Amino acid sequence: MRGHPGLSAVVTLAGAGTRATVGLARGSPSPGEGWAVPSLSPGTAVGRGPGRAAMGHRTRGPQRSSWSAVLAAALLLSCPPPAPGQAPRFTIRQDPEAARLGGDVTFVLELLPSGVVSCAWHRAPTATLDFEIFTYFKQPELGQQNGPAYTKRETGAADCSMRISRLRLNDTSAYTVAVRHPTITTASINLTVHVPLTQPAVTPDNVTVTENTTITLTCCSPPGTETVAWLRDGAVVSAGSRLSLSLDNRTLTVQPVQRGDAGAYACQVSNAISTNRSDNATITVVYGPDAVTITPPGPLDLPVGSLLTLTRTAAAVPAPLYTWFFGETRHPGASWVLNHLSVAHAGGYVCQALNPHSGHGQNSSWLELRVWKLLTQPAVTPDNVTVTENSTVTLTCRSPPGTETVAWLRDGAVVSAGSRLSLSPDNRTLTVRLVQQGDAGAYACQVSNAISTNRSDDVNVTILYGPNGVTVTPPGPLWLRLGSRLDLRCTAAAAPPAPLCLGPRQRQPGHRQPPAPRLWGPQPGRRVPLPGHQPQPGPCRRGRRAAAAAG
């Protein structure tokens, strides 16, 4: 029969139970050179190719008959060598993609051409006889013939697939299939048997560190772990400026630690078939206290008898211890309630925060508290004033205790110091020099402090002046008929109002009267002027009478 160049096989078959000889020759063998195969009895198989002193061995799977064994050996040795360009192309697909310990896996040959003679599977990266699992013969249909690496868990099929049941960890290996078509083509695949991962653990499990120091966490991962990831408060963390990871991600280091690094840390391990996560390891970062703030902020102005509650805020971990200071008084606690404030409560308050872990302390700023009494009504003296024009008037505000500011008002409007009006340094005295008519009015003083305002009753200031600008209405000169009526009105600016005398013979007290007017008798055709006026020339009308009247 035909074989590999330089390799010949002669199979001599005798009757059942007789000896069979397989002669092999390489190159130009000497006559009679070859290997002797022991008597083929049930359970004896024939191996392939050189490299073994004895070609017969006992299998651990289904037993071959002597005839099938001899035929298998003949087929193995008689196939022609691969010819360039004739090797079929196919791939191996693993199902499922991830093999689980105790489960099953199948290697399926895809794109396998028709006319395949046999398929031989090996637990090795190459088609090595010592690691042959089985050969499945399709032509002739001899089925599965097991090899030395067979473990009773491998099953072949006519489509050249191989199924491995009840996977073990030592099944993790490279697997190679050799396909005859009739040339030999091999392909390999790596199998990894995965173990469901147990729960990892993070050490140390709970850590308290001071801000700006270093923290290192380690993930104790179970066997079979392929990847490790770190989480903080459930979110994946990655290496950064202050956070570093070891090459296998099993160690996490933060340097320097900041307060934002606090949280619940966990490591998560994974392989192809499972994922598991550790319990949380709590990281506490000690810091502070930062600036202490008092509420309400100062300065505070409150009335006597009121209630005041002082509270504080300070960022710190753990919660700081607080102490309040007021003079020689110390008050522990986060707040201080002051009931029924009195003037004795006025002063400066300070709160101190102390970190019990680090011993670091921080004081608040100074809070000033001022306690005031409600102002009673002030009074202005003298209460009513009458002065003569161009003289001086002085008013004084009698302010109650607790007054901070004093203001003066005239007719409800605030008055300020000027050329004739001056105020004392404390505004309690108002002086007006060269009093004028416009300075008259209702004066009051208004007192204030931080919590109240009060105003005095009005004080009336009267300015005596005049009379000034005496005028007579209607103005002259007047030309009237003799015997007619004339009403004259006399006015003058004065305070208090001055009595006026309008009759020719009536006198005003304190005033010089002009001489009484003279009356002229009627003269036909002539006008009669009033005294002190020159008559105006003009024609006389017939029947008109002129008369002069004295007012």
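Since this is a predicted model, take the numbers as computed values, not measurements.

Taken in spatial order, the four strands of this open sheet run β5-β7-β12-β11, and their pairing is antiparallel. Each of the sheet's edge strands pairs with one partner strand only, and the pair in question is β5 (91-95) and β11 (154-156). The mean inter-strand angle of the sheet, taken between neighbouring strand axes irrespective of direction, is 20 degrees. Relative to strand β12 (residues 162-164), β11 runs antiparallel, the two sharing three bridges. Bridged to threonine 155 within β12 is arginine 163.

What follows is about the confidence of the model for the protein. Across the protein, the average pLDDT comes to 79, with 74% of residues at 70 or higher. Note that residues 1-85 has pLDDT below 50 and, in this model, 126 contacts with residues that lie over four places away or in other chains.

Moving on, we get to the nonpolar core. Grouped together as the largest cluster of nonpolar side chains are 25 residues, with contacts concentrated most on Phe107, Trp121, Tyr175, Val177 and Leu191. Those elements that place two or more of their residues in this core are β7 (105-110), β8 (118-122), β9 (132-137), β12, β13 (173-180) and β14 (184-191).

What follows deals with the side chain of serine 270. Mapped onto the elements of the fold, serine 270 is located in strand β23 (residues 263-270). Not counting chain neighbours up to four residues away, the residues in contact with serine 270 comprise Leu197, Thr225, Glu226, Thr227 and Thr275.

Counted under the stated rule, the structure contains four aromatic pairs. Judged by centre distance (5.4 Å) and plane angle (45 degrees), the rings of phenylalanine 107 and tyrosine 175 are tilted. Taken as a pair, phenylalanine 107 in strand β7 and tyrosine 175 in strand β13 lie far apart in primary sequence, 68 residues in all. We classify tyrosine 175 as buried; its relative accessible area is 0%. On the numbers, 4.2 Å between centres and 10 degrees between planes, the contact of phenylalanine 326 with tyrosine 349 is stacked. Highlighted residues: phenylalanine 326 in strand β29 (residues 321-326) and tyrosine 349 in strand β32 (residues 347-354), separated in sequence by 23 residues. Tyrosine 349 shares its class with phenylalanine 326; the two are buried. Aromatic rings pair up to connect Phe107, Trp121 and Tyr175 into one cluster. Above the ring of tyrosine 322, the side-chain terminus of arginine 312 is found at 4.0 Å from the ring centroid.

The rules behind the values
Starting from 1, residues in each chain are numbered consecutively following that chain's sequence as written. Only residues with pLDDT of at least 70 are given local features in this predicted model, and only at 80 or more are side-chain atom pairs given and counted; all residues enter the totals for whole chains, interfaces and linings. Hydrogens and waters are ignored; side-chain quantities use all the structure's heavy atoms. A strand pair is defined by DSSP finding two or more bridges across the two strands. Put simply, DSSP H or I for four residues or longer makes a helix, DSSP E for two residues or longer makes a strand, and each gets a number counted from the N terminus. To get an axis, fit a line to the C-alpha atoms, keeping to the stretch in contact for a helix; angles then go from 0 to 180 degrees between the N-to-C directions. What pLDDT expresses is the predictor's confidence in each residue, scored from 0 to 100. By definition, residues are in contact when any of their heavy atoms lie within 4.5 Å. Nonpolar core, defined: a set of buried Ala, Val, Leu, Ile, Met, Phe, Trp, Tyr and Cys residues in which side-chain atoms within 4.5 Å join the residues together. Remark: exposure states derive from per-residue accessible area (1.4 Å probe, protein chains only) relative to the maximum for the residue type, with buried under 20%, exposed over 50%, and partly exposed in between. Note on aromatic contacts: the rings of Phe and Tyr and the six-membered ring of Trp form a pair at centre separations within 6.5 Å, being stacked when their planes are under 30 degrees apart, edge-to-face when over 60 apart, and tilted otherwise. Counting as a charge over the ring demands two things of the Lys NZ or Arg CZ atom: a distance within 6 Å of the ring centre and an angle within 35 degrees of the ring normal.

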